[in-house]
Amino acid sequence: MPAPEKEPAYGYLRVLDLPDGEIEVLEKQLHEYAKAHNMVLLGIRKERYRLLRPGELAAWLIERQVQHLIVPSVEHVTTHPIARMLFCQAVYLDAGAELHEAEEEPRPARS
């Protein structure tokens, strides 16, 4: 039986104040997540703006007909809860894509 075809995906990183070494680690994390979930990462959008621009993101996703968007975590995108909601709305509702978080499962808190 042939292996199932890999689903196309794109990555998204906010890299404004990140050193190059950390960006490389995040890119690797996105690629590994895609590979582990039978996806192929076609590209990574790197945002360097302080202000989150969900409308531009939605337009970019629609233009490329993105079905899967991989981020390290929604907290990587923004720590502000309302901005996270707007980001998720742009991905899910405006662009009709699935959002995947590559971050490993959170570890239990130490006592």
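Residues numbered from 1 in each chain as written. Predicted model: local features only at pLDDT ≥ 70, side-chain atom pairs only at ≥ 80, totals over all residues. Heavy atoms only, no water.

Structural notes on the overall build of the protein chain
Secondary structure summary: the protein chain contains four helices and four strands in total. What you see in the protein chain, going N to C, is helices and strands ordered as β-α-β-α-β-α-α-β. In terms of C-alpha radius of gyration, the protein chain reaches 14 Å, essentially the compact-globule figure of 13 Å for 111 residues. For the protein chain, the C-alpha atoms occupy an extent of roughly 45 × 40 × 30 Å along the three principal directions. (Helix = DSSP H or I, 4+ residues; strand = E, 2+ residues; numbered from the N terminus. Rg over C-alpha atoms; globule rule 2.2 N^0.38 Å.)

Considering the sheet that holds strand β1 (residues 7-14)
A sheet is described by the order of its strands in space; here four strands give the open sequence β2-β1-β3-β4, paired in parallel fashion. Because the sheet does not close on itself, it has two edges, and the strands there are β2 (39-47) and β4 (98-101). Sheet twist, expressed as the average angle between the axes of neighbouring strands with direction ignored, equals 30°. As paired elements, β1 and β2 share eight bridges and run parallel to each other. Among the inter-strand pairings, Pro8 is bridged to a residue of β2, identified as Val40. This element, helix α1 (residues 20-36), spans β1, β2, β3 (68-71) and β4 of the sheet and lies at about 150° to β2. Of the strands in this sheet, β1, β3 and β4 touch helix α4 (residues 81-94), which is tilted by about 130° from β4. (Pairing = 2+ DSSP bridges. Axes fitted to C-alpha atoms, helices over the stretch in contact; angles between N-to-C directions. Contact = heavy atoms within 4.5 Å.)

Focus: the environment of Gln89
Tracing the backbone shows Gln89 in helix α4. According to the relative accessible area criterion, Gln89 is partly exposed, its value standing at 34%. (Buried < 20%, exposed > 50% of the residue type's maximum accessible area, 1.4 Å probe, protein only.)

A few points about helix α2 (residues 54-63)
Of the residues making up α2, those classed as buried are Leu57, Ala58, Trp60 and Leu61. In an axial view of α2, the angular spread of the buried residues amounts to 160°, which keeps them on one side of the axis. With respect to the buried face of α2, the exposed residues turned more than 90 degrees away are Gly55 and Glu63. Buried residues along α2 sit against β1, β2, β3 and α4. Looking at the residues trailing α2, positive phi occurs at Gln65, about 55°. (Arc of directions from axis to C-beta.)

Some remarks on the packing of aromatic side chains
What the rule picks out here adds up to two aromatic pairs. With a centroid separation of 5.2 Å and an interplanar angle of 45°, the aromatic rings of Tyr12 and Phe87 are classed as tilted. Taken together, the positions of Tyr12 in strand β1 and Phe87 in helix α4 put the pair 75 residues apart, joining distant regions of the chain. Phe87 carries the same exposure label as Tyr12, and that label is buried. (Phe/Tyr/Trp six-rings, centres within 6.5 Å; stacked < 30°, edge-to-face > 60°.)

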